[in-house]
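# Report on the structure
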Amino acid sequence: MLHQSGNIPVIEVYWSLVEKADKKFSKIRDLPYYERNRYDTYFYKVFKVYTQLWKFQQENRQKLMEADLKRWEIGEIASRIAQLYYGQYMRTSDTSYLSESYIFYEAILTREYFKEGMFQDLSLANKQLRFIARFLMVCLVLNRRDMVHQLVTQLKLLVDECKRTFQDADFKEWKLVLQEIARFVRADTVFLNVRPLRYSLVLDPHPDSLPRVAKSISLRNLRLRDAIMSSYHHNEVKFSELSLDTFRMLQCLEWEPSGSFYQSSGTKIGQNGGPGPIRVNHSQDIADPTLPANPRKALLYRPSVTHFLAVLATLCEELPPDGVLLIYLSSSGFRACMSATENIVSNAPFLSHSHTIYSDSTSTSPPRLQSDNADPASRQSKGECTSNDTAFLYFGTRGDGGFNGIYPSDLIPFTRRPLFVVIDSVSSEAFKSIHGAEKGDPAALLLSPSCSISITAADPSHQLSGSLFTNFLTAPLQAFCLLLGLSGQDIEMDTYNKADKLLSSSLNNWGVALATTDTLDPVWGQVLGDPFLRRLLLRFLFCRTVLMLYGKTFGRKEYHPECIPSLPESVLPTTIASQSVVLQLADIFGASNNFIFSEGIVLSENTQCDMDTTPP
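In every chain, residue numbers begin from 1 and rise along the written sequence. Local features in this predicted model are restricted to residues of pLDDT 70 or higher, and side-chain atom pairs are both shown and tallied only at a pLDDT of 80 or more, whereas totals for entire chains, interfaces and linings draw on every residue. Excluding hydrogens and water, the side-chain figures rest on all heavy atoms present in the structure.

## Here's the deal with the overall build of the protein
Operational definition: In DSSP terms, a helix is any run of H or I states spanning at least four residues, a strand is any run of E spanning at least two, and both are numbered starting from the N terminus. To sort residues, take the accessible area from a 1.4 Å probe on protein chains only and compare it with the maximum for the residue type: under 20% means buried, over 50% means exposed, and anything in between is partly exposed. Per-residue and other accessible areas were derived by the Shrake-Rupley procedure at a 1.4 Å probe size, with only the shown protein chains allowed to occlude residues.
The helix and strand inventory of the protein stands at 21 helices and 11 strands. Taking all 616 residues of the protein together, 57% fall into the buried category. With the model as given, the accessible surface of the protein reaches about 25900 Å², and the carbon-plus-sulfur share is 51%.

Below, the structure is given as structure tokens:
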């Protein structure tokens, strides 16, 4: 059992490669996902070593097994490779790495590398549990829901068995993991998963077909190159370090490779335990040379303020000359115009606008909620403070006051580069102060309502979690239905498809209207050619129109989102065209009475949108 290159035993060569790989893996494991260019060489070096190691164990599998190599040790190598691929996806947003990670995790699952002796060895049992948890994360981001449900079931059975077998061990941590993933999946699947959150060339317009803004409006044509996204809510719906809202935004800023949801391609496993020849099918689904690269994204889970600002500074430094940086922040907040009692109410986890969409049928709001929803004008008449100078987003414990707060002024130094800012918080209005204070490029701002909406759920068993505003930006038709108290089980597919076609056509018409108007602000003109930012902006228009016409929020400014700079009057909610869109959609679901339209806005053939203009 000597290695062919000399007199060194095969097993010694193997363990030498393992030690070398382990050292390099430990160096790269804790490297940040930002500063991508700086760490590219690290990834390629460690991956080269693991490639050598994986190939060596495949070629010498029999000799290594005779030398008492355990199957779980092979599984450990495959798991490390899968982790490397996932980490590189997080650094680059290249979904081909995500697909490769799935392939290796699926091989581990199919070959059952950790199964033998698992219930005799607590350490081995924990390896299996960690593997399933990591595989779950990959499946969630890949939208492989069939595998997600399979893994959740397997994880629950495994934790139960481990508790019986290792009675002295503490499995509270894994019980929490199970609760997290169950809550996450329940919150994310309460509706029809008909349209992928990612940008689909089957359902969304091709970038080459987007109307161009006149040069008289904007000489620049910027592209979304980077995004920094973070949410910070007490008890928010999350799995591992991925919150529900950032998860939705993450997918919304990527291309859907096949134009539809991922389908199982029947990956086979090779003789040596690695993926067989069919594995290239996954990469073929991913690779599309006609599409630009996905914008790179930095997802920060509950960062300190200093860490957030450090990452933001790095991204601005690395931003290409034609790039725009998206900042997405979802958090509870502090508003200077509110009393301490009102801030406690507005920032309570079960009342936060960005945290939970209420179900009237399952809970009632405490009376104190009314103080948060009070008309700002009435507070002003009482002599209370209405300045937003000290308003901020909480990114830490509230006991420290503003020490862990992100203030609007914190973002101003970074306006030397083009910024597209999305704030989802009760304190969103404070960020209007950025406008006019920029140090270079005027920033584009999409700001959520400052008050939450109580929603009646059709099915009391479904707790509808996450931000309604973020829902509108990532899945607008679903958000519209949730606002009406409808879930996927309440709607016929033909009805939903009809509404989806109408909304797609209407959003496209709004996009044409913006591109062809001569009153469009250059801040919007320079980003309208980017498919991701264009889609966010058009969905914001839909959200604003719906909430301004919705009966419960009609005429109540605190429930309406805002954008800065202002958009042309032709797309305002007061126009006949905008109101007609909402009227037709509401009529499809039999909910026209939920909205208040201007006099003379009626449903007729003349107001029907041309649904045949939906992009192919």
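So, next bit.
## Let's talk about the pattern of salt bridges
Using the following cut-off: Should a side-chain nitrogen of Lys or Arg be within 4 Å of a carboxyl oxygen of Asp or Glu, the pair is scored as a salt bridge.
Counted under the stated rule, the structure contains 21 salt bridges. For the salt bridge of aspartate 226 with arginine 296, the shortest nitrogen-to-oxygen distance reads 3.4 Å. With a gap of 70 residues between them, aspartate 226 in strand E1 (residues 223-232) and arginine 296 in strand E4 (residues 296-301) connect regions that are remote in the sequence. Classification of aspartate 226 as buried rests on a relative accessible area of 1%. For arginine 296, a relative accessible area of 17% translates into the label buried. Within the structure, one salt-bridge network assembled from shared partners comprises Arg195, Asp204, Asp500 and Arg535.

## Some points on the nonpolar core
Our working definition: Within this scheme, the nonpolar core is defined by two criteria: the residues are buried Ala, Val, Leu, Ile, Met, Phe, Trp, Tyr or Cys, and they are joined through side-chain atoms within 4.5 Å. We call two residues in contact whenever any of their non-hydrogen atoms come within 4.5 Å of each other.
Core analysis: the biggest nonpolar cluster contains 151 residues, and Phe420, Phe480, Trp524 and Phe595 have the highest contact counts within it. Apart from residues lying up to four places away in sequence, phenylalanine 420 is in contact with Val324, Leu325, Leu326, Ile327, Ala444, Leu446, Trp524, Val527, Leu533 and Leu536. One finds Phe308, Cys316, Leu419 and Ala430 within the second-largest nonpolar core, a separate group that totals 31 residues.

## Describing helix H20 (residues 531-549)
Let me state the cut-off plainly: What a helix is expected to span follows from its residue count: subtract one and scale by 1.5 Å. Two N or O atoms count as a polar contact when they lie within 3.5 Å, although within protein this holds only if one can serve as hydrogen donor and the other as acceptor, and sequence-adjacent residues are included solely when both atoms are side-chain atoms.
In this model H20 runs 27 Å from its N-terminal to its C-terminal C-alpha over 19 residues, within 8% of the 27 Å that 1.5 Å per residue would give. In terms of residue burial, H20 counts as a mostly covered element, since 18 of its 19 residues are buried. Here H20 starts with a cap whose side-chain oxygen sits 3.0 Å from the backbone nitrogen of phenylalanine 532, and that cap is aspartate 530.

## Some words on the environment of alanine 125
With respect to the helices and strands, alanine 125 occurs in helix H6 (residues 122-142). For the pair alanine 125 and cysteine 162, spaced 37 residues apart in sequence, the C-alpha separation works out to 7.4 Å. Discounting residues that sit within four places of it in the chain, alanine 125 has contacts with Met118, Cys162 and Phe166.

## Details of the packing of H6 against helix H7 (residues 145-165)
Definition in use: To define axes, lines are fitted to C-alpha atoms, for helices over the stretch in contact only, and angles between the resulting N-to-C directions are given on a 0 to 180 degree scale. If an angle is under 35 degrees, it is roughly parallel; if it is over 145, roughly antiparallel; if it lies from 65 to 115, roughly perpendicular; otherwise it is oblique. Crossing handedness follows the turn of the near helix against the far one: under a right angle anticlockwise gives a left-handed crossing, and clockwise gives a right-handed one.
Where H6 contacts H7, the axes come no closer than 9 Å and their chain directions differ by 160 degrees. The angle between the axes of H6 and H7 places the two elements in the roughly antiparallel class. Crossing hand, H6 versus H7: left-handed. Where H6 abuts H7, its residues Ala125, Gln128, Leu129, Ile132, Phe135, Leu136, Cys139 and Leu140 lie against Arg145, Met147, Val148, Leu151, Val152, Gln154, Leu155, Leu158, Val159 and Cys162.

## Looking at the packing of helix H8 (residues 172-188) against helix H9 (residues 244-252)
Going by this rule: Throughout, the ten residues Ala, Val, Leu, Ile, Met, Phe, Trp, Tyr, Cys and Pro are labelled nonpolar, Asp, Glu, Lys and Arg are labelled charged, and all others, Gly among them, are labelled polar.
Their axes nearest at 11 Å, the elements H8 and H9 cross at an angle of 55 degrees. As judged from the angle between their axes, H8 and H9 are oblique. Viewed along their axes, H8 and H9 form a crossing whose handedness is right-handed. From H8, Phe184, Ala187 and Asp188 reach across to H9, where they touch Leu244, Phe247 and Arg248. When grouped by side-chain class, the residues that make up the contact of H8 with H9 number 4 nonpolar, no polar and 2 charged.

## Some points on the side chain of arginine 539
Note the cut-off: Only four residue types enter the charge count, namely Lys and Arg as positive and Asp and Glu as negative; His and the chain termini do not.
Within the fold, arginine 539 resides in helix H20. Nearest to the buried, unbridged arginine 539 among oppositely charged side chains is aspartate 204, at 4.7 Å. Ignoring any residue separated from it by four or fewer positions in sequence, one finds arginine 539 in contact with Cys252, Phe472, Leu473, Thr474, Ala475, Pro476 and Leu507.

## Brief notes about the packing of aromatic side chains
The way to describe two aromatic rings as a pair is by their centre distance and the angle between their planes. To be explicit about the condition: Note on aromatic contacts: the rings of Phe and Tyr and the six-membered ring of Trp form a pair at centre separations within 6.5 Å, being stacked when their planes are under 30 degrees apart, edge-to-face when over 60 apart, and tilted otherwise. We call a charge positioned above a ring when the Lys NZ or Arg CZ atom is no farther than 6 Å from the ring centre and deviates by at most 35 degrees from the ring normal.
Applying the stated criterion across every chain yields a total of 31 aromatic pairs. An angle of 65 degrees between the planes, with centres 5.1 Å apart, marks the rings of phenylalanine 47 and tyrosine 85 as edge-to-face. Placement of phenylalanine 47 in helix H2 (residues 36-59) and of tyrosine 85 in helix H4 (residues 71-92) is noted, with a sequence separation of 38 residues between them. Three or more aromatic residues link up through ring pairs in this structure, and these residues are Phe43, Tyr44, Phe47, Trp54, Tyr85, Tyr97 and Phe104. Over the aromatic face of phenylalanine 25 sits the side chain of arginine 80, whose NZ or CZ is 4.3 Å from the ring centroid. In this structure, arginine 302 packs its charged tip against the face of tyrosine 232, placed 4.7 Å from the ring centre.

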